[in-house]
Structures are given as C-alpha cells and as structure tokens.
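# Fold and contact review
Each chain, letter by letter, is given below.
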Amino acid sequence: MGHKAKNKQKAPEPIEKPTFEGLSKRAKARLNKTKAAAAEKNNKRQLAEETPKKSSKKAKTTQAADGDGDLWDNLEVASDDENSDDLNDEFDMSDYADSNDELDEEEGEDAEEQDVFPKAEDDFLGSDSEQEMEVDQEESEQEDSESEQDDDEHVEGQALDERKSRKIEARAAREAAAAEAELVEQANQAEVLEQDERYILPEGDDDELVADVTAVSQRLKDIVHVLNDFRKLRDPTKDRQDYVDRLVKDIASYYGYSQFLAEKLFNLFTVSEAIEFFEANEVPRPVTIRTNTLKTRRRDLAQALINRGVNLEPIGKWSKVGLQVFDSSVPIGATPEYLAGHYMLQAASSFLPVMALAPQPNERILDMASAPGGKTTYIAALQKNTGMVFANDATKDRLKSLIANIHRMGVKNAVVCNYDGREFPKVIGGFDRVLLDAPCSGTGVISKDASVKLNKTEKDFIDIPFLQKQLILAAIDSVDAKSKTGGYIVYSTCSVTVEENEAVVNYALLKRPNIKLVPTTLDFGREGFVSYRGKNFHPTLKLTRRFYPHVHNMDGFYVAKFKKMDNKFTVQKDDVETEKRVYSDDEDSKPKKAAKEELTFNDEEDAKYIEETKVIQKKRKGLKK
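These numbers were taken from a predicted model, which means no experiment stands behind them. (Residues numbered from 1 in each chain as written. Predicted model: local features only at pLDDT ≥ 70, side-chain atom pairs only at ≥ 80, totals over all residues. Heavy atoms only, no water.)

This part takes up a negative patch on the surface. Side chains of Asp239, Asp242, Asp245 and Glu263 sit close together on the surface and give a patch of like negative charge. Here Glu263 is to be found in helix α14 (residues 259–266). (Patch = residues over 30% accessible without salt bridge, like charges linked within 9 Å, V, L, I, M, F, W, Y side chains within 5 Å. Areas by Shrake-Rupley, 256 points an atom, 1.4 Å probe, with all protein chains shown as cover. Salt bridge = Lys/Arg side-chain N within 4 Å of Asp/Glu carboxyl O. Lys, Arg positive; Asp, Glu negative; His and termini not counted. Charge placed at Lys NZ, Arg CZ, Asp CG, Glu CD. Helix = DSSP H or I, 4+ residues; strand = E, 2+ residues; numbered from the N terminus.)

Per the UniProt record, "binding site: S-adenosyl-L-methionine" (unreviewed entry) is annotated on Ala369, Ser370, Ala371, Pro372, Gly373, Gly374, Lys375, Asp393, Asp420 and Asp437. Mapped onto the elements, Ala369 comes out in the loop between β5 (364–367) and α19 (374–383). In this structure Ala369 touches Asn392, Asp393 and Asp437, once residues within four positions along its chain are discounted. Mapping Ala371 onto the fold places it in the loop between β5 and α19. Take Ala371: its relative accessible area is 8%, and that puts it in the buried class. If we skip the residues at most four places from it in the chain, Ala371 touches Asp393, Arg398 and Leu402. (UniProt positions renumbered as here; feature names shortened; annotations may be inferred. Contact = heavy atoms within 4.5 Å. Buried < 20%, exposed > 50% of the residue type's maximum accessible area, 1.4 Å probe, protein only.)

What follows is about the packing of helix α11 (residues 213–228) against helix α15 (residues 271–280). α15 packs onto α11 with a crossing angle of 150° between their chain directions and a minimal axis gap of 9 Å. Relative to α15, the element α11 lies roughly antiparallel. Contact residues: Val224, Leu227 and Asn228 in α11; Val271, Ser272 and Ile275 in α15. Per-class residue counts for the contact of α11 with α15 are four nonpolar, two polar and no charged. (Axes fitted to C-alpha atoms, helices over the stretch in contact; angles between N-to-C directions. Parallel < 35°, antiparallel > 145°, perpendicular 65-115°, else oblique. Nonpolar A, V, L, I, M, F, W, Y, C, P; charged D, E, K, R; others polar.)

What follows is about the pattern of salt bridges. Enumeration over the complete set of coordinates arrives at 14 salt bridges. One salt bridge in this structure joins Arg308 and Glu337, with 3.0 Å as the shortest N-O distance. Taken as a pair, Arg308 in the loop between α16 (298–307) and β2 (310–314) and Glu337 in helix α17 (residues 336–339) lie far apart in primary sequence, 29 residues in all. Using a relative accessible area of 36% as the deciding quantity, one classes Arg308 as partly exposed. Glu337 gets classed as buried once you look at its relative accessible area, which sits at 10%. Notably, a salt bridge pairs Asp437 with Lys375, separated by 2.8 Å at the nearest N-O pair. A residue pair is termed long-range when its members are at least 10 positions apart, and Asp437 in strand β8 (residues 433–437) and Lys375 in helix α19 qualify at 62 residues. Residues Asp437 and Lys375 agree in their burial class; the two are buried. What you see here is one network of salt bridges that share partners, running through Arg219, Arg246 and Asp250.

Turning our eyes to something else, we now look at unusual backbone geometry. A cis amide bond, omega 5°, links Ala371 with the succeeding residue Pro372. Mapped onto the elements, Pro372 comes out in the loop between β5 and α19. The omega angle of the peptide bond from Phe424 to Pro425 is 5°, so this bond is cis rather than trans. Relative to the helices and strands, Pro425 resides in the loop between β7 (414–417) and β8. Positive phi, normally seen in glycine, also occurs at Lys384, with a value near 60°.

A few words on the packing of aromatic side chains. Counting across every chain of the model gives 16 aromatic pairs. Ring centres of Tyr257 and Phe278 lie 5.1 Å apart, and the angle between their planes is 75°; on these two criteria the pair is classed as edge-to-face. Here Tyr257 is found in the loop between α13 (240–255) and α14, whereas its partner Phe278 is found in helix α15, with 21 residues between them in sequence. Of the two residues, Tyr257 and Phe278, both sit in the buried class. The rings of Tyr254, Tyr255, Tyr257, Phe269, Phe277, Phe278 and Tyr548 are connected pair by pair, giving a single aromatic cluster. (Phe/Tyr/Trp six-rings, centres within 6.5 Å; stacked < 30°, edge-to-face > 60°.)

The next thing to look at is the packing of α11 against α13. Viewed as axis vectors pointing N to C, α11 and α13 meet at an angle of 145°, and their least axial separation amounts to 10 Å. α13 is crossed by α11, and the crossing has left-handed handedness. In this structure, α11 contributes Val213, Val216, Ser217, Arg219, Leu220, Ile223, Val224, Val226 and Leu227 to the contact, and α13 contributes Arg240, Tyr243, Val244, Arg246, Leu247, Asp250, Ile251, Tyr254 and Tyr255. Grouping the amino acids of the contact of α11 with α13 by side-chain chemistry returns 13 nonpolar, one polar and four charged. (Left-handed = near helix turned anticlockwise from the far one by under 90°.)

Once that is clear, we can look at the pairing of strand β1 (residues 287–291). The buried fraction of β1 amounts to four of the five residues, a majority that puts the element mostly inside the structure. Here four bridges tie β1 to strand β3 (residues 322–328), and the two strands are oriented antiparallel to one another. Within β3, the position partnered with Ile289 by the bridge is Leu323. As paired strands, β1 and strand β4 (residues 343–345) are joined by three bridges and run antiparallel to one another. Residue Thr291 lies in a different strand from β4, and its bridge partner there is Tyr343. (Pairing = 2+ DSSP bridges.)

Here it is as structure tokens:
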C-alpha cells in the first residue's frame, strides 16, 4: 500500500484554462450597479462593512479552492412570493464589489471564476433589471441587519425558518382580516336588502289564484324559497303562518288533494321535503317481483326472464330474493315462470314486515290480514314449508286470490281462515310469531290509488286508528311469550300518518306493559317519531322504521317490532292515567274522547254491539239467527 500511495497521481488539470483580460462586460455592469447601490447606503453600511469584508474574502478563497459545488451549498431556497426575501443569495453584492477593487490584476483568473458563479446565481434566481436589483439590495440590507444581531455561530437554516415563520404568520393575519371584512360586507348587503327583492303574497279570491296552473307552480317555488330563508325574504307585514296557509292551498289545488289531507301530510316534513313527497306520489313506483325460493333461485329466474326479453336487476343489497323490472317485451304477470309459481308480483315495501318478523322453521305463525298472499307465501318460503302458517283475512271475497296464490306458489303449510282479527286469541292462540299488516288509510300508496287524495276525511283518521288499536292488542295476546324461538309481533301499515303508526304503537305499550319494542333488523329507513307537534311518545319508538317514496323509492310504509316478555300483566289505573297525560295520542277533543272510550271498553256495555256483529257474521256464512 505504501508503494501505491507514493505513486498516486493527482487529479488531472483541465487541458486549457480560460484566460481573461480583466473583468467581463456583465461583471463590469454588475459592479457599476452594485457601486451605485452601495453609495446610497451611507451611514447604515459604515459600521457593518469591516466584518462582512473579512468574511467575504475568506469565503471567496475557500470557494475557489473547494470547487464549483461549494458555492451552491449555502444557496437559499427560492420562494414563489414576489415580496419574499428568499430570492437573494447569501452573497452581499456591495462587499463583493469592494473586494474586487482590492484584488490585483495578477489574480484575474481567480477573480473571474468567483464572478462567474454569483452571476449564474442571479441569472437563475433573479433578474438583471434595475428595479429588481434595487429590491434585492433593500432585502439584503434587511438580512444584514438581522445577521448583525445574531450570534456568529448562528446556523443559516434556523434564520431562514424564523423568517419564513414570520412571513407565514403575517400572511395568515392578512388573509384572516380580509375574510372577516368580506363576511361583514356580505352581512351588510343582506341587511340592506331592497324591498322589491322580497316576495309579496298575492291577494284575491282563492279560485282566481289557483285558476292558472303555471302561476300556481311558480308560486309554490317562490313560497318554498321564502320559507327556507324567511328572515331575509319575508314580507314584514305577513306572518309565517300566512305563507304556510297559502302554500298548503296551492299544494291541494296543484296536486289534487283535499286541503285537510294536504295539510296533514305537509306537517310530516320540512318545507322542501314536503314538496318532494308530493312530487314522488305523482310518479309510479318501480315494478318488483319476489323470487319463490320453494321452486327456484333468483339467479336462475333472472336468467330465464332475461331470455324472454325482460330487463331487470337485483332490487338491492337488503333483499336476496327481490328483482326490479325496468321493461319487458312480454306481460310480466303472464309468463310461464309466473304461472309456474317461480315468482310473485309484490311491492318492495311488502318485503319489509316479513323480513322484520324473521320466521323460523317449525314455528306456528299467524298472518292476521293476509290477502292477497304475498306476505303469507314469503313466510312459508322462509320456513321452507315447515311448521304452520295461519293465513287469516276478515274479507271473504279476498280469500279467492289468497288461496290461488298459495296453490300457485307451492305452499303446503298454510291454513286459510276467515275471522275478524279482533276475535283472536279466542279462536286460536299460542303462536310463536304474529304479523299484523293492519288496514290503513293508504297514504303511503297514493301513487297506486289516487282516490286517497280526496276520499279521506278527519273521521277516517279517528275510526281507522281505533280499529288498529284493537287489532294490535289481539295480536299481542295471541303470542306465546314462552316460545323458545319466538314471542315476536310485527305491526306494519302502508300509511305515513302518525295517528296510524306511532300513536297506535304507543297505545299498545301503555295497555300491555308485558311487551317492549326491539330493533326491526332492517338496515335502512328513518327512525319513528318520538315527539310530533307537541305530542310525546315512548322514547323506544325510535326503534321503529319509516319508509318514504321520495327517499327510498318505494311505497310509504311503517314497521314496528315487539317482543312479548310475559303472558301475564297488570295495569294500574293511576299509571295508565299518568302515562295518558304524558304520551297523549291525539290533540283534538274528538280523538281524546275516542281514546277514552277505548280505555273503558268492556263486554257488558257493548254486549248489544257484540251480538249484532255475531248475527252479521252468521248471515255471511249462510247460517240463520
């Protein structure tokens, strides 16, 4: 190794070194500019000239010895900010000019090499214009004044971070001030809203106001816009209720509802959502079918229908048997697959109560209002034709379609019966599960039956809930709480009104303390109302689920699921009266009177009506009195 070290050659020198005769034109121009800038400094630079000169001389000699890379090591990072101080390099041009004056002509090569790199610096980072040079000189003065205050051992990177942080803080403060000023200006503009920008309600006869359909449609949009930002857009002489009354009248006229029903449905939603609900009722719901798993699989059925020219796809992830039909070249209700019982024409909303009931094999299940058989056959399919399904319906004429669908779908565990649901469990009881799809006003299926818009009155929303409350109590009493696998009751309606849904469920909780609400196991749907227009219900009603046509693209529906804890229960009168006051079912005097009659119902007082009902039932069955 010693021999190799002695004979080690030095790095080869360049073949031809550039020779220079003094300074180049660019260097001379640069020196003239720097001298002019240095003359303007006067007293500010006199104290700081000695130390920078010494440091610059040392830096230049070391840079000439180390090579090209050392000149760029300490180069500061450029910034996109026009006013940024980071555009300057670390060299003080005035010092550089003074040092060049002191250099001898014999050191021309070294001086020229030192001039080349600073020139490349400025050409790369800055510009040669006189204005930019003045800005650079001013910024260099600030940097020099800051460096004089720092210690000799201060690291350049730390100074750079401090300068950047100060600039960032100043920039953030300016942006915050500008944003605040903009907000204040917008607020002032909103407050100084001109009178002609506010919407003025039209006045005149109602018949004349609703005569022009185009004007009514535009007025609906205008009033909705005002109610969404009522404080700014209102007419100071009008109250919010005036706008709401006008809107309800226009909705009733434009969509063809009675004013009573339009107001009842309008109160269920916000202003904008109410319009969406009424619009959705004007559009038919998608055609859906349910695969009969007793005879086929959904994949095979879909392939068979596609081959026949049916355009379809799965109804969604929430159902494993549903298919949505978009169009078909053949009647979807007359295909060989339909006649063979491979599928059932059934609304998507009708899947929900059966899914919530979750029937298990070998159970005894009661479907209290089963016609035309869509839910009954679905229950039998989930049970795989085991156990027993009692398909009951109070209307004898509807039993024909029920029986036909049971035979067509291949159901073998069904028993069809024709009883008033209120007679259970006297007829038969002890069921593992009971499904009550109660008769209702049909406000959730207006797209199918437009007659609901006009033929429902206030009396209907008293009589129908009265019947529903009787049916739900009978359903609860028909379930065996000691069932190993069951003890569940599902209550559902195709209505969206509170009187038929939350009010009925709340009544059942008051009358039967041996039950409780449980989750429906449905992954979607909105929670039931816990309070509505000043009426408070049991807090567990949030476990129930609501479905709307404008949200879920299916018929309006309501589903609640109960769990029966014990077959025996006791109700104290004081507790019932207290809970009646807290969870009041109705607001008007007539509904309260009806609720009072329900609570005081007994066979002795109503024996006359019971006998008349029995006579009517015997006549229907062809029996004499």
